[in-house]
Amino acid sequence: MSTQTEDTPLVNGKPYRLRLPGPTTVPLRIREVSAQAILNHRGPEFASQLGEVVEMLRPVIGTANDILMFASSGTGVMEASLANVLAPGDKILVLSNGQWGERFISIANALFQDITIDKIEVPWGAAISGNDLKERLSSDDYAAVIAVHNESSTGAISDLAEIGALVRETSAVLIVDSISGTGGMEMRQDEWGIDVLLTSSQKALMCPPGIGIVSVSDKAWERIENDARRARFYWDFRKAREWAPKGQTAFTPPVSLIAGLHEALVSIHEESLQAVLKRHEQLAKALQAGGLTMGFTLFPTAPMTSNTVAVFAVPDGVDGVDIVKRMYKDHGSVIAGSRNALRGKIIRIGTMGAVTEDDIMTDLEHLEATMISLGVDLTPGAAVAAARATL
Ligand SMILES: *Cc1c(COP(=O)(O)O)cnc(C)c1O
């Protein structure tokens, strides 16, 4: 099965293949539903659709909490979570092991003048250890601890069960960015003790970009209800919560995208959540096995690695920037490199959302041909064979 359709654009005559760690390819059935007539966002049809979206999201997130939705990219709800949970003068702890932890620090600095930001920093690709966190938590009084579930810049996974168990013992609220994890990797918000869980539509939920999703625990509401003046109006979680029981949002929601998300969730539950997570795991493993035959190594050193993005370190003598360019120009495959210190040293391929076995095999064929064209001595077909052997 392929996700290409009649309207797939061409790149030098080859079908355009969106293989990024977000945004991801949106299956036709979801795009078709998004193209339906716009509903009144205060009418009964939309209310029942939104209610069903929330109910279908619960098992995917693993929560009985209030689930709020905003028209935004992922960064929007990252900012919203800080604007709601933090108050002037607060102190926060950021667990930083990649690009997205750093973004939280930039947001906190932009929103508040008088906030104290501590961080636990480990090399990119590693994960923060429970012992380090435990020590910090015992000596300080944080309003919030901020972690990234799936660091899509490195492929490292945070051990949220461990982090959550430690933060639960303190008065701090645990904010987790699972924007590129939820829907592709197990998420058990309530069981793990995550207070504010953030995700968005354009990653494993295989929808167009534009919906930011937030699930908020009772512990987090206590801080959110503190009415110290801060930068929140559109983002005010209190207003969003007031409207939620009516099946409405405080302001006009992205009606078409919510319809698409409804269809995406129907399709996830048709396949079954367990099967979806298993498929992500198997396809990630297959792609990794294929990559290893070409001299790539896995970039992340963390004990747990991503099933939603494959992050490969590029072998010596090859420039990752050239790989990304040729994948696109010669094959129509759009993969990611890195925009930071790792530029040229890693490549990243999304394995989240509506990805199939065929997609992975095609990725490997294109990658092998690309490496050969860059002068690497490889046996054609070996990568696909190694990937197939894992399935
Ligand atoms: C994709 C992603 C984001 C979201 O970024 P936007 O471009 O604002 O949607 C945030 N965090 C992580 C870990 C991501 O993978």
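Caption draft 1: Just the sheet that holds strand S14 (residues 309–313), in detail. Pairing is antiparallel across the open sheet formed by three strands, whose spatial order is S13-S14-S16. Only two strands of the sheet have a single neighbouring strand rather than two, namely strand S13 (297–298) and strand S16 (346–350). The pairing of S13 with S14 spans two bridges and is antiparallel. Across the sheet, the residue bridging to Leu298 is Phe312, located in S14.

Caption draft 2: Focus on the site of the ligand. Among the 13 residues in the neighbourhood of the ligand, the closest are listed as Ser73, Thr75, Ser152, Asp177 and Lys203. One of the side-chain N or O atoms of Asp177 is found 2.6 Å from a nitrogen atom in the ligand. The protein chains hide 87% of the 390 Å² of surface that the ligand would expose on its own. The site holding the ligand turns out to be the largest pocket. For the shell around the ligand, the leading source of residues is helix H3 (residues 74–85), giving three residues.

Caption draft 3: Molecular detail of the packing of helix H11 (residues 273–292) against helix H14 (residues 382–390). Contact geometry for H11 and H14: axes closest at 7 Å, N-to-C directions at 145°. You can see that H11 and H14 cross each other, and the crossing is right-handed. Residue-level contacts link Lys285, Ala286, Ala289 and Gly290 of H11 to Ala383, Ala386, Ala387 and Thr390 of H14. Its residues placed into classes, the contact of H11 with H14 shows five nonpolar, two polar and one charged.

Caption draft 4: Just the domain arrangement of the chain, in detail. Each domain of the chain was delimited in the assignment, giving domain 1 (10–26 + 273–390) and domain 2 (37–268). Look at where the C-alpha atoms of domain 1 and domain 2 centre, and you get two points 28 Å apart. In this complex, domain 1 contributes 30 residues to the contact, which on the side of domain 2 involves 30 residues. Summing both partners gives a buried area of about 2,200 Å² for domain 1 against domain 2, and 63% of it is carried by carbon and sulfur. When the buried area of domain 1 at its contact with domain 2 is split by residue, Leu273, Leu277 and Met304 rank highest and sum to 22% of it. Our enumeration of links across domain 1 and domain 2 arrives at zero salt bridges. Looking at the side of domain 1 that touches domain 2, the elements with two or more residues in it are H11, S14 and S16. In terms of residues, the side of domain 1 that touches domain 2 owes the most to one element, H11, which gives four residues. In terms of residue class, the side of domain 1 that touches domain 2 is made up of 17 nonpolar, eleven polar and two charged.

Caption draft 5: Region of the structure containing helix H4 (residues 99–111). Between its terminal C-alpha atoms H4 stretches 19 Å, which fits the 18 Å expected from 13 residues at 1.5 Å a residue. All of the buried residues in H4 are Gln99, Trp100, Gly101, Phe104, Ile105, Ile107 and Ala108.

Caption draft 6: Structural context of empty space enclosed by the protein. Overall, the coordinates contain three cavities of 30 Å³ or more when judged by the stated rule. Here the largest cavity is characterised by a volume of approximately 50 Å³. What lines the largest cavity is Gly155, Gln288, Leu298, Pro300, Thr305, Ser306, Val309, Ala310 and Val311. For the lining of the largest cavity, the element with the most residues is S14, which contributes three residues. Looking at side-chain class alone, the lining of the largest cavity contains five nonpolar, four polar and no charged residues.

Caption draft 7: Main features of the layout of surface pockets. A volume near 440 Å³ is recorded for the largest pocket. If you trace the largest pocket, you find 28 residues lining it, with Pro21, Gln99, Ala336, Arg339 and Arg348 closest to the centre. Sorting the residues of the lining of the largest pocket by element identifies H3, H4, helix H12 (320–331) and S16 as the ones contributing at least two each. Taken together, the residues of the lining of the largest pocket break down into ten nonpolar, 13 polar and five charged.

Caption draft 8: Looking closely at the side chain of Ser215. In this fold, Ser215 is placed in strand S12 (residues 211–216). One polar contact links Ser215 to Asn65, side chain to side chain, over a distance of 3.5 Å. Of the polar contacts made by the side chain of Ser215, one reaches the side chain of Gln189; its length is 2.5 Å. Not counting residues within four places of it along the chain, the set of residues in contact with Ser215 comprises Ile61, Thr63, Asn65, Asp66, Ile67, Gln189, Asp195, Val196 and Leu197.

Caption draft 9: Layout of the packing of helix H13 (residues 357–373) against H14. The N-to-C vectors of H13 and H14 enclose an angle of 150°; their axes lie 8 Å apart at closest approach. As judged from the angle between their axes, H13 and H14 are roughly antiparallel. When you trace H13 past H14, the crossing you get is right-handed. Together, Glu357, Met361, Leu364, Glu365 and Glu368 of H13 and Ala382, Ala383, Val384, Ala387 and Arg388 of H14 make up the contact between the two elements. Grouping the constituent residues of the contact of H13 with H14 by class yields six nonpolar, no polar and four charged.

Cut-offs used in this document
Residues numbered from 1 in each chain as written. Predicted model: local features only at pLDDT ≥ 70, side-chain atom pairs only at ≥ 80, totals over all residues. Heavy atoms only, no water. Pairing = 2+ DSSP bridges. Helix = DSSP H or I, 4+ residues; strand = E, 2+ residues; numbered from the N terminus. Near = heavy atom within 4 Å. Polar contact = N/O pair within 3.5 Å; in protein donor to acceptor, adjacent residues only side chain to side chain. Areas by Shrake-Rupley, 256 points an atom, 1.4 Å probe, with all protein chains shown as cover. 1 Å grid on protein atoms, 1.4 Å probe; cavity = no way out; pocket = protein on both sides within 12 Å on 5 of 7 lines; lining within 4 Å. Sits in = over half its atoms within 2 Å of the grid points. Axes fitted to C-alpha atoms, helices over the stretch in contact; angles between N-to-C directions. Left-handed = near helix turned anticlockwise from the far one by under 90°. Contact = heavy atoms within 4.5 Å. Nonpolar A, V, L, I, M, F, W, Y, C, P; charged D, E, K, R; others polar. Domains from an automatic or database assignment. Buried area = accessible area lost by both parts, 1.4 Å probe. Salt bridge = Lys/Arg side-chain N within 4 Å of Asp/Glu carboxyl O. Expected span 1.5 Å × (residues − 1). Buried < 20%, exposed > 50% of the residue type's maximum accessible area, 1.4 Å probe, protein only. Points joined across faces, edges and corners; volume = space filled by probe spheres on them. Parallel < 35°, antiparallel > 145°, perpendicular 65-115°, else oblique.

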